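A structural walkthrough
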Amino acid sequence: MVETGHYLVLSSIIFTIGVIGVLTRRNVIIILMSIELMLNSVNLNLIAFSNHLQDLSGQVFAIFVITVAAAEAAVGLGIVIALFSNKETVNVDEIDLMKG
Amino acid sequence: METILFYILAGILVTFSILTVTAHNPVRSAVSLISALLAMAGIFFLLEAEFVGAVQVLVYVGGIMVLFLFVIMLVNVREMETQRRTSRQWRTAVVLGVVLSCELIFFVVRGTDIFSTEAVGPNLIVEAHTRNTESVGSLLYSTYLLPFEIASILLLVAMVGAVVLTLKER
């Protein structure tokens, strides 16, 4: 029997890897993939607590998170395609139309 | 047995997550992410969440990652491989990431004593023989009916949005 704390530590490690990926990479597709990784680590948290408390609500919420991740991937990749056909790049630091 | 399996899966998961973030080639990155997601599905099976594990494999690996691979093929991969892969802020980002990791693990370790070991909550799994998929399904269609419908509307809106975004204007 693995303690719930171990799952939480694993989940926080995966979340941090995702954060580092979002902040360091230039390629917008890899940034989207890192976001998927972060969403998945949250799922692991929800399911670990669902198992710990013997309450199925956590699993239902994990399914909702997967739904939102699918919607986010579809729209995000649509934006990437539109961007590539207009600006011929997928690097985030070359997309500076707003000059913020 | 469960412990050994957990550590094997956790090792695979962490390794492939790091490979996803560090790989030069986006295709390699996507394949690493697929492996990481499969290991995550294995951990869900360990946690007795069979339905979510199956959904993870079907939706993430079968749907989302195939979509990612299609988009990687549509944009220019050869060019991406030769370019610099990190943005200028990577040193700050790594420091921030390490700090975040330390904070999270600190709070988890501190909080472990506070977790109640007793089963609480309205949707208890009392009978051990109840099937996971069946229980999740009945919960989804009774208590969480409204969020379920909202999720379906969200998917519809996302689909229309993706079509409109990629449509060529003429």
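Scope of this entry: the structure provided in the associated data block. (Residues numbered from 1 in each chain as written. Chains lettered and ligands numbered in written order. Predicted model: local features only at pLDDT ≥ 70, side-chain atom pairs only at ≥ 80, totals over all residues. Heavy atoms only, no water.)

This brings us to the overall build of chain A. Scanning chain A from terminus to terminus reveals three helices and zero strands. Starting at the N terminus and ending at the C terminus, chain A contains elements arranged as α-α-α. For 100 residues, the compact-globule estimate of 2.2 N^0.38 gives 13 Å, and chain A exceeds it by more than 25% at 17 Å. Dimensions along the principal axes, computed over C-alpha positions, put chain A at roughly 50 × 25 × 20 Å. Classification of the 100 residues of chain A by burial places 62% in the buried group. (Helix = DSSP H or I, 4+ residues; strand = E, 2+ residues; numbered from the N terminus. Rg over C-alpha atoms; globule rule 2.2 N^0.38 Å. Buried < 20%, exposed > 50% of the residue type's maximum accessible area, 1.4 Å probe, protein only.)

A cluster of nonpolar side chains, Leu156(B), Met159(B), Val160(B), Val163(B), Val164(B) and Leu167(B), forms an exposed patch at the surface whose accessible area comes to about 590 Å². By secondary structure assignment, the location of Val163(B) is in helix α7 (residues 145–166). (Patch = residues over 30% accessible without salt bridge, like charges linked within 9 Å, V, L, I, M, F, W, Y side chains within 5 Å. Areas by Shrake-Rupley, 256 points an atom, 1.4 Å probe, with all protein chains shown as cover. Salt bridge = Lys/Arg side-chain N within 4 Å of Asp/Glu carboxyl O.)

Once that is clear, we can look at the layout of surface pockets. If you add up the space inside the largest pocket, you get close to 270 Å³. For the largest pocket, the lining is made up of 14 residues, of which Ile20(A), Thr24(A), Val21(B), Thr22(B) and Val94(B) are closest to its centre. Listing elements by their share of the lining of the largest pocket, those giving two or more residues are α1 (4–24) of chain A together with α1 (2–22) and α5 (90–111) of chain B. Among the elements that take part in the lining of the largest pocket, α1(A) stands out by supplying five residues, more than any other. Each residue belonging to the lining of the largest pocket can be placed in one class, and the counts come to seven nonpolar, five polar and two charged. By volume, the second largest pocket amounts to about 230 Å³. If you trace the second largest pocket, you find 13 residues lining it, with Ile63(A), Thr67(A), Val55(B), Phe148(B) and Leu155(B) closest to the centre. For the lining of the second largest pocket, the elements supplying multiple residues, two or more each, are α3 (57–87) of chain A together with α3 (50–74) and α7 of chain B. It is α3(A) that contributes the most residues to the lining of the second largest pocket, five residues altogether. By residue class, the composition of the lining of the second largest pocket is eleven nonpolar, two polar and no charged. (1 Å grid on protein atoms, 1.4 Å probe; cavity = no way out; pocket = protein on both sides within 12 Å on 5 of 7 lines; lining within 4 Å. Points joined across faces, edges and corners; volume = space filled by probe spheres on them. Nonpolar A, V, L, I, M, F, W, Y, C, P; charged D, E, K, R; others polar.)

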